[in-house]
Structures are given as structure tokens and as C-alpha cells.
Amino acid sequence: GENVEQHPSTLSVQEGDSAVIKCTYSDSASNYFPWYKQELGKRPQLIIDIRSNVGEKKDQRIAVTLNKTAKHFSLHITETQPEDSAVYFCAVPYGNKLVFGAGTILRVKS
Amino acid sequence: NAGVTQTPKFRILKIGQSMTLQCTQDMNHNYMYWYRQDPGMGLKLIYYSVGAGITDKGEVPNGYNVSRSTTEDFPLRLELAAPSQTSVYFCASSYARENSPLHFGNGTRLTVT
């Protein structure tokens, strides 16, 4: 099936700590894995993505790691700041559809 | 570029009424999508299109219809609105299926009472 499981559903961290969100999928043919950030009342926006020919990609404080064998990928945010508080979604392509995970509410406490 | 434009921003419908949510993009994207997002929940795919004249069902198509007569426009039609269709509706587009980010519109907040 077109399964995308995302964990945890909520995550509270202290400012400056790291946050990790994991996404598991079921289709071994999928080869593009994006992460979106949605602030309250706003539209989702892409923050980072990775293709299956690489295992890790970094962009400043954000990184994504991919384990294709185990069919999971993770979002890593280091040195979290209050503005990182938002809902984060992973997504996986199944055929022509892009299926989203259920989302993770990240709260960064200052 | 305006990106993806959705109208209206807000709408209140009575049960049984119909309406069309408009979506247009000016990026010459082939792929267009309609998602709904219920309060505190994730994004569920309603319908999608891979090009003009081609549409297909997503995860939750019941109660909706779409058309794609041009590359730019992808309207979503609600027939016989029901309270279960109260949600925020996002239209999105992308250049390709993979390796290409989704560009979302600002959403339409629909309430059915």
C-alpha cells in the first residue's frame, strides 16, 4: 500500500537542542524524499529534499539522512531556535502521487 | 511569478450547496494536486493531474470532481457539500513528479454548516 509513517507525532525540545523526525515508507521504487515545514495558518513549504543516490544532505542547521535498504529517512535539526516551531511533514512519491506523512508538531522551548 | 493562486480564501457553505475552488499557476508546471487538511491533521490527496486533459483520483476523491482543460488551471468542484468537507484545501503544482518541489497555494478555508 501507499504507506508513509512519521514519528513522533509531537516533539518538544529546549532551544539549542537537536530534533530528529523519522519517516518510514513501503515502496522500494520511491527515490525522492522531501520534507516540508508548515507554520501555523500558513502553507507547507519545502525545506530540504534528498534523492536516493545519496545518503545524506545538509543545508545549514537542517539535514536529511536516507536508508534505502531499511526504507526510512530522517530530518535532523540542530541548534533549534524558537522559529523552528512548526509542523513538519515528510512525503513519498507513489506513482504520480505524493503521499504525506501525518506530520510532527515541533515545539522549541526558550 | 505569482506562483500558485487559490480563490476564494474563505467560504461558508450550507449543506447541499455546490461550489468551485479555483487554482491557477503561472510556472508552466505539468503536475497539479489538490489536498485537504483537516484541523490538526496531515495532507490528504483528493485529485491530481499530470497534464492538461489528464486527471486521476487520490486518497479521498469522494464528493469532489476536477477538470484540467489548460496547463494553468485546475479547479476543484464540490457537489452537495457535507459537514465532513469542512477543511482547508491546498492546491499545489510541480514541474515533475520527482526531484521537483511542490509549490503550494495559500489555501481555501471551507466551512460547511
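This write-up is about the structure you can find in this document. The shown structure was predicted, so the numbers you read here are calculated from the model rather than taken from an experiment. (Residues numbered from 1 in each chain as written. Chains lettered and ligands numbered in written order. Predicted model: local features only at pLDDT ≥ 70, side-chain atom pairs only at ≥ 80, totals over all residues. Heavy atoms only, no water.)

### Quick look at unusual backbone geometry
Now for step 1: In the segment running from A:His7 into A:Pro8, the intervening peptide bond is cis, with an omega of -5°.
Now for step 2: Relative to the elements of secondary structure, A:Pro8 occurs in the loop between strand E1 (4-7) and strand E2 (10-14).
Now for step 3: For the bond running from B:Thr7 to B:Pro8, omega is -5°, close enough to zero to count as cis.
Now for step 4: The topology assignment puts B:Pro8 in the loop between strand E1 (4-7) and strand E2 (10-13).
Now for step 5: With phi around 55°, B:Leu80 is a residue other than glycine that occupies positive phi space. (Helix = DSSP H or I, 4+ residues; strand = E, 2+ residues; numbered from the N terminus.)

### What about the layout of surface pockets?
Now for step 1: Taken as a whole, the largest pocket holds about 710 Å³ of empty space.
Now for step 2: Every residue lining the largest pocket is counted, 35 residues in all, and those nearest its centre are A:Gln38, A:Gly41, B:Gln37, B:Val88 and B:Arg109.
Now for step 3: Secondary structure elements with two or more residues in the lining of the largest pocket: strand E9 (86-94) and strand E11 (104-109) of chain A together with strand E9 (87-94) and strand E11 (108-112) of chain B.
Now for step 4: In this structure, the second largest pocket spans a volume of roughly 210 Å³.
Now for step 5: Lining the second largest pocket are 16 residues; nearest its centre among them are A:Phe100, A:Gly101, A:Ala102, B:Gly42 and B:Lys44.
Now for step 6: Grouping the constituent residues of the lining of the second largest pocket by class yields six nonpolar, five polar and five charged. (1 Å grid on protein atoms, 1.4 Å probe; cavity = no way out; pocket = protein on both sides within 12 Å on 5 of 7 lines; lining within 4 Å. Points joined across faces, edges and corners; volume = space filled by probe spheres on them. Nonpolar A, V, L, I, M, F, W, Y, C, P; charged D, E, K, R; others polar.)

These values are about where atoms sit, not about what they do.
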